[in-house]
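Observations on the three-dimensional arrangement
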Amino acid sequence: MVSERYCEYLIQQKPTPANMARVIVLVVLTLGCVIAGLTISQWICIPAVLFGVLLWFAIQKIRQEFEYLILDHELSVDAIYGHSRRKKIMNCPLKKVVLFAPENSSEYETYRHQNLVLHDFSTRNPEDTHYAMVCKNESGTIGFRLTPNAEMLELLDYELPRGILIKENIS
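Let me begin by describing the structure that accompanies this report. (Residues numbered from 1 in each chain as written. Predicted model: local features only at pLDDT ≥ 70, side-chain atom pairs only at ≥ 80, totals over all residues. Heavy atoms only, no water.)

Let's talk about the overall build of the protein chain
Helix and strand counts for the protein chain come out as 4 helices and 8 strands. Along its sequence from the N terminus, the protein chain presents helices and strands in the succession β-α-α-β-β-β-β-α-β-β-β-α. A globule of 171 residues ought to have a C-alpha radius of gyration of about 16 Å, yet the protein chain, at 21 Å, is considerably larger. Projected onto its principal axes, the C-alpha coordinates of the protein chain cover approximately 70 × 40 × 35 Å. The buried share of the protein chain, taken over its 171 residues, is 40%. Residue pairs in contact within the protein chain that sit at least 24 positions apart in sequence constitute 60% of those at least 6 positions apart. Put simply, the protein chain shows about 10,600 Å² of open surface, and 58% of that area lies on carbon and sulfur atoms. Here the protein chain carries 17 positive and 19 negative side-chain charges, and the mean point of each set is 7 Å from the other. (Helix = DSSP H or I, 4+ residues; strand = E, 2+ residues; numbered from the N terminus. Rg over C-alpha atoms; globule rule 2.2 N^0.38 Å. Buried < 20%, exposed > 50% of the residue type's maximum accessible area, 1.4 Å probe, protein only. Contact = heavy atoms within 4.5 Å. Areas by Shrake-Rupley, 256 points an atom, 1.4 Å probe, with all protein chains shown as cover. Lys, Arg positive; Asp, Glu negative; His and termini not counted. Charge placed at Lys NZ, Arg CZ, Asp CG, Glu CD.)

Right, dumping it as C-alpha cells:
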C-alpha cells in the first residue's frame, strides 16, 4: 500500500490599493446615482444599477483567497473568490520545480533578473515570509510567489530533491 503525503493550506490575500480604490469609486458612483435618481430623475437610477453590479464584482475580487494543495507529487493552487467561487489557477508537478526559496534569497536573485513571468499567490502581507517557486514547463520558466506554512515547507523538504528547497535562516 502506497501512502501519499498530503498538505492543504488556505490564505487570505490582502487587497491591492488599486482594487480598494476601484471599490471606493464604485460606491461613490452608485450612491451618487441613487441620490440623483431620487431627487432629479428616475432615469438616473439605471446607471446606479449598473454601478451596483460592477461594485458587487469588485467586492468579490478583493475578497480573494488561495488554497495550496500538495497531493500526488503536485502542487496546485486554487483561487477562491468571495468565499463562493473556486477556480484552479496553477498546477505544477514537483519534479518540474527548479527552485523553492525565500524571495529575498541570493539563489532566487539569478532568476529574478531573467525574463521570468511571476504570478503572485501570496498574502501580500509584508510581515509574512514569502517564497518564490520557479517551475519549468512547456511554455518556459514561470515563477510563483507563495506564502507556505511550516507543514507545507516540511512536506516540500521531503518531496523535492536536495538543493531545490532553500529554507530561510531563522535566528
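So, the state of the cysteines
With the rule as written, the count across this model stands at 1 disulfide. Across a sulfur-sulfur distance of 2.2 Å, Cys 92 and Cys 135 are joined as a disulfide pair. Judged by the sign of its S-S torsion, about 85°, the cystine formed by Cys 92 and Cys 135 is right-handed. Highlighted residues: Cys 92 in strand 4 (residues 85–93) and Cys 135 in strand 7 (residues 131–137), separated in sequence by 43 residues. Free cysteine Cys 7: the closest other cysteine sulfur is in Cys 92, separated by 16 Å. Cys 33 takes part in no disulfide bond, and the closest cysteine sulfur to it belongs to Cys 45, at a distance of 8.3 Å. (Disulfide = S-S within 2.5 Å.)

Brief notes about helix 1 (residues 17–39)
In a regular helix each residue adds 1.5 Å, so 23 residues correspond to 33 Å; helix 1 covers 33 Å between its end C-alpha atoms and thus fits that length. Every buried residue of helix 1 is listed here: Asn 19, Val 23, Leu 26, Thr 30, Cys 33, Ala 36 and Gly 37. If you follow the buried residues of helix 1, they end up packed against helix 2 (45–62). (Expected span 1.5 Å × (residues − 1).)

Regarding helix 2
The terminal C-alpha atoms of helix 2, which comprises 18 residues, lie 25 Å apart, in line with the 26 Å expected from a rise of 1.5 Å per residue. By the burial criterion, the buried members of helix 2 are Ala 48, Phe 51, Leu 55, Ala 58, Gln 60 and Ile 62. Looking at the buried positions of helix 2, the neighbouring elements they touch are strand 1 (7–12), helix 1, strand 2 (64–71) and strand 3 (74–81).

Re a positive patch on the surface
A cluster of basic residues, Arg 22, Lys 61, Arg 85 and Lys 87, forms a positive patch on the protein surface. By secondary structure assignment, the location of Lys 61 is in helix 2. Judged by its relative accessible area of 41%, Lys 61 is partly exposed. (Patch = residues over 30% accessible without salt bridge, like charges linked within 9 Å, V, L, I, M, F, W, Y side chains within 5 Å. Salt bridge = Lys/Arg side-chain N within 4 Å of Asp/Glu carboxyl O.)

Quick notes on the packing of helix 1 against helix 2
Where helix 1 meets helix 2, the axes come as close as 8 Å, and the angle between the chain directions of the two elements is 155°. One finds that helix 1 runs roughly antiparallel with respect to helix 2. The handedness of the crossing between helix 1 and helix 2 is left-handed. Counted together, Asn 19, Met 20, Val 23, Leu 26, Val 27, Leu 29, Thr 30, Cys 33, Val 34 and Gly 37 of helix 1 and Cys 45, Pro 47, Ala 48, Phe 51, Gly 52, Leu 54, Leu 55, Ala 58, Ile 59, Lys 61 and Ile 62 of helix 2 form the full contact between these two elements. Within the contact of helix 1 with helix 2, the residues separate by chemical class into 16 nonpolar, 4 polar and 1 charged. (Axes fitted to C-alpha atoms, helices over the stretch in contact; angles between N-to-C directions. Parallel < 35°, antiparallel > 145°, perpendicular 65-115°, else oblique. Left-handed = near helix turned anticlockwise from the far one by under 90°. Nonpolar A, V, L, I, M, F, W, Y, C, P; charged D, E, K, R; others polar.)

A short note on the pattern of salt bridges
Under the criterion given, the structure shown has 7 salt bridges. Between Glu 67 and Arg 86 there is a salt bridge, with its nearest N and O atoms 2.5 Å apart. Of this pair, Glu 67 sits in strand 2 while Arg 86 sits in strand 4, and the two are 19 residues apart along the sequence. Among the residues examined, Arg 86 registers a relative accessible area of 48% and is labelled partly exposed. Asp 120 is paired through a salt bridge with Arg 145; the nearest N and O atoms lie 3.3 Å apart. Here Arg 145 lies in strand 8 (residues 140–146) and Asp 120 lies in strand 6 (residues 117–120), a separation of 25 residues in the sequence. Judged by its relative accessible area of 17%, Arg 145 falls in the buried class.

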